[in-house]
Amino acid sequence: MSKLVRREGQGTRIKFGPRSELQVFTPQSPSFPDQLFSCEVLGEIAALEAWRSYWNVVCHAYSVDMDPRADDAAALLALLRLKRRGESWGAIAADVTYEGSASTVFDARFNDALLVSPQAVSVLEEARALVSLWRDENLEFVTVLDDLYPSRLRDIHEMPPFLFYSGELRSADDGMSVVGSRSASRQSQELAAEIARFLIAEDLTVISGLAEGIDAAAHRAALDAGGRTVAFIGTGITKFYPARNADLQREVAERGLLISQFYPDAPPTKQSFPIRNAAMSGYGLATIVVEAGEHSGTRIQARVAGDHGRPVILTSRVVDDTTWGRALVGKPNVYVASTMGEMKEAIRSVRSVPDELQRALGALAAGVA
């Protein structure tokens, strides 16, 4: 049986025989050889081994110019593209974190079989080209394997596998989300601004979603107070949504931090905002809901915050205006504030919990020692 491997334009054609042929489309790369190899093989087993040799050539050709961090990022992207039925991105992120290497997980899934999947080869090649493109465009991103990846996001099952960002990314960042309706009343927007200013005074980061209404009021107040604010957006890092907040987005990126867990050019979708809210909840110490409607997307963050073990602080208006707000009253880690004084008390109470836990763990460790 004759086997030929040769480049054809942007593709590679692998021929095992007159009835067995594979075509793999690969992006152009200076490091990818025009002629990989050609050989004569006999029998099916030899053909399979030749295919595995081709796989090793592909891996080498695309990794020679990539540092281990970039190569692992490419393997992670390939895993996301080739995820199993019913598998979530968070589950893949957890597997990669456990192993400490996306390349190790990828090889275990696709390189241990007798016949390596042509699709896996092609997807990995595309992922490596994509990572190189992002680097060429000076896009900043981290994966779950990077030390700078936000530590609290590692605690949630929706852990984003990668994050694009602009601004100052911190692994540890004590802050609280201030969220609410896009069409909030002027009074609620003023309350959001007051809450943001108090958080800044308490040396806490103001986290929000850069939407109109409550989000914009919180970001604006934090910036005006000279504090730190972090915006989680529901689009790619290169997009501006809503368009009228473009200047605010640029200012947050310049003076605080802008985060996206989506591909750089991803448009807004119905699904992207609930995903964004889950990450926002995981990033902060707590979620403060200032005003929201019965069907507001904010209720999703209030719900997942409970799943994450994060406290939720509701204004009395949210409790009065929504059935889901009333349903949360009395549940563990749920606070209701009727006045700004009660809001400050709730914020301080929530913030003290990690410190008290740390002191308790320290005392326990000292006792064991």
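Everything below is about the structure printed above this text.
Residues numbered from 1 in each chain as written. Predicted model: local features only at pLDDT ≥ 70, side-chain atom pairs only at ≥ 80, totals over all residues. Heavy atoms only, no water.

Chemist: Can you tell me about the packing of aromatic side chains, naming the residues and giving the values?
Modeler: For the coordinates displayed, the defined rule picks out 11 aromatic pairs. Centroid distance tryptophan 89 to tyrosine 263: 6.3 Å. Interplanar angle 85°. Geometry classified as edge-to-face. Here tyrosine 263 lies in the loop between strand E10 (257-260) and helix H9 (272-283) and tryptophan 89 lies in helix H3 (residues 89-99), a separation of 174 residues in the sequence. The partly exposed category is assigned to tryptophan 89, whose relative accessible area is 30%. Overall, the relative accessible area of 28% leaves tyrosine 263 in the partly exposed class. A ring pair is formed by phenylalanine 232 and tyrosine 283, whose centres lie 5.2 Å apart and whose planes are at 70°; its orientation type is edge-to-face. Remark: tyrosine 283 occurs in helix H9 and phenylalanine 232 occurs in strand E9 (residues 229-232); sequence separation between them is 51 residues. An aromatic cluster is built from Trp89, Trp134, Phe141, Phe162, Phe164 and Tyr263, whose rings are joined through pairwise contacts. (Phe/Tyr/Trp six-rings, centres within 6.5 Å; stacked < 30°, edge-to-face > 60°. Helix = DSSP H or I, 4+ residues; strand = E, 2+ residues; numbered from the N terminus. Buried < 20%, exposed > 50% of the residue type's maximum accessible area, 1.4 Å probe, protein only.)

Chemist: Give a detailed account of the sheet that holds strand E11 (residues 286-289), specifying residues and quantitative values.
Modeler: If you trace the 9 strands from one edge of the open sheet to the other, you get E5-E6-E10-E9-E8-E7-E11-E12-E13, paired in mixed fashion. Strands at the two margins of the open sheet, each flanked by one partner only, are strand E5 (140-143) and strand E13 (334-337). Strand after strand, the sheet turns through a mean of 25° between neighbouring axes, direction not considered. Packing of helix H2 (residues 68-81) onto the sheet brings it into contact with E5 and strand E6 (162-167), and relative to E5 it is tilted by some 70°. Contacts between helix H6 (residues 186-201) and the sheet are confined to strand E7 (175-179), strand E8 (205-208), E11 and strand E12 (312-315), with E7 contributing the most and set at about 175° to the helix. (Pairing = 2+ DSSP bridges. Axes fitted to C-alpha atoms, helices over the stretch in contact; angles between N-to-C directions. Contact = heavy atoms within 4.5 Å.)

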